[in-house]
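As a plain string of letters, each chain reads:
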Amino acid sequence: MVTIISVQKDVLEDRRQLAAEFRNRLSRLGTLIVNIVASPGAGKTSLLQATGRFWNQRYRIGVLVGDLATERDAERLRPLMPAEQLTTGGACHLEIPLVIRGLEKLPQPLDFLFIENIGNLVCPASHDLGEHLRVVVLSTTEGDDKPGKYPKMFRTSQVMIISKTDLLPWVPFSLDQVISDARLIQPEIQTMAVSALKNVGIDSWCSYLETARERMIASLASPPTSLCALQPTPSEQPEQ
Ligand SMILES: Nc1nc2c(ncn2[C@@H]2O[C@H](COP(=O)(O)OP(=O)(O)OP(=O)(O)O)[C@@H](O)[C@H]2O)c(=O)[nH]1
Ligand SMILES: [Mg+2]
């Protein structure tokens, strides 16, 4: 016999509230939180490595990187930025309590907190991690039909990064097709094409992030207590 139990409560409501509080707390510190979601191997860690190289210590960056097992991604990132591995054991997505605990192990405050979610185009779409921006990375080797097939992930993202564009000459992948497919689902989605390997499009991505952070700060009722002075990089220092 099947017994149906009616649950008169949104089971994710507590998590959403926790995520909203986390977002507000980090907003007040001037930290833009970016949740990077994608299939396994789409190029999330490579994009973060290219971002760290491009900014070259200009900002205070921290990364929480999720995987089922191993510290491999955190080890790749640590030469460029503080990175804490969140190992889930078997869970196919990150949840906000793990993110809050992970942040305690990173230096504070930060200008940008990146969260590399578990490689999965399904479950991470349903979990608010307190991010200001959700960025879905889709690589040219995965096919240009993915937005239509995994609509929730693209509907809940503000940005679609098309990665591994250096492989475009060799794979059947249409940039126009993938962008129009994504815009059918999320008309406002911003799209960027990058190659982390060849360092193409990373400047536009970084400048998009800088603008997003400036807008987030401008929307606050009072300025953050720990604003980064936007120090010029050594190469930009005026000659003595
Ligand atoms: N050709 C090419 N290969 C890339 C590029 N970016 C990443 N790769 C390769 O793609 C593979 C996966 O890259 P990762 O950055 O580890 O991908 P990921 O999404 O972080 O992977 P998981 O964390 O395991 O889900 C590696 O072999 C990278 O070298 C790129 O721009 N061009
Ligand atoms: Mg990775």
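Here, residues in each chain are numbered from 1, in the same order as that chain's written sequence. Lettering for chains starts from A, numbering for ligands starts from 1, and both go in the order in which the items are written. Only residues with pLDDT of at least 70 get local features here, since the model is predicted, and only at 80 or more are side-chain atom pairs given and counted; chain-wide, interface and lining totals rely on the full set of residues.

(A) Fine view of helix 2 (residues 44-55). Segments assigned H or I by DSSP are reported as helices when at least four residues long, segments assigned E as strands when at least two residues long, and all are numbered from the N terminus. To estimate the expected span of a helix, subtract one from its residue number and multiply by 1.5 Å. Taking 1.5 Å per residue, 12 residues should reach 16 Å; helix 2 reaches 17 Å between its end C-alpha atoms and fits that length. Residues with at least 20 other C-beta atoms within 10 Å of their own are called buried, those with 12 or fewer are called exposed, and the rest are partly exposed. The C-beta atoms themselves are positioned from the backbone. Residues of helix 2 that are buried include every one of K44, T45, S46, L47, L48, A50, T51 and G52, and no others. One or two residues past the end of helix 2 sits N56, with phi positive at roughly 50 degrees.

(B) Local environment of the sheet that holds strand 5 (residues 133-139). Strands sit in the order 3-2-4-1-5-6-7 across an open sheet of seven strands; the sheet is parallel. Where the open sheet ends on each side, the last strands, each with one partner, are strand 3 (83-87) and strand 7 (190-193). If you compare each strand with its neighbour and ignore which way they point, the axes differ by 20 degrees on average. One ladder, built from five bridges, connects strand 1 (residues 32-38) with strand 5; its direction is parallel. Note: two strands are recorded as paired if DSSP finds a minimum of 2 bridges between them. Lines are fitted to the C-alpha atoms to define the axes, a helix being fitted only along its stretch in contact, and any angle between axes, read from their N-to-C directions, falls within 0 to 180 degrees.

(C) Fine view of unusual backbone geometry. The step from Q108 to P109 runs through a cis peptide bond, and the omega angle for that step is -10 degrees. Among the structural elements, P109 can be located in the loop between helix 4 (96-103) and strand 4 (112-116). A positive phi angle, near 60 degrees, is found at K164, a position not held by glycine.

(D) Focus on the pairing of strand 4. For strand 4, a buried count of five out of five residues is recorded, marking the element as mostly surrounded by other parts of the structure. Side chains F112, F114 and E116 of strand 4 all project onto a buried face; the interleaved residues L113 and I115 project onto the opposite face, where all are buried too. Looking at chain direction, strand 1 and strand 4 are connected through five bridges and run parallel. Looking at strand 4, one finds that I36 is bridged to E116. Pairing geometry for strand 2 (residues 61-67) and strand 4, over five bridges, is parallel. Within strand 4, the residue paired with V63 across the bridge is F114.

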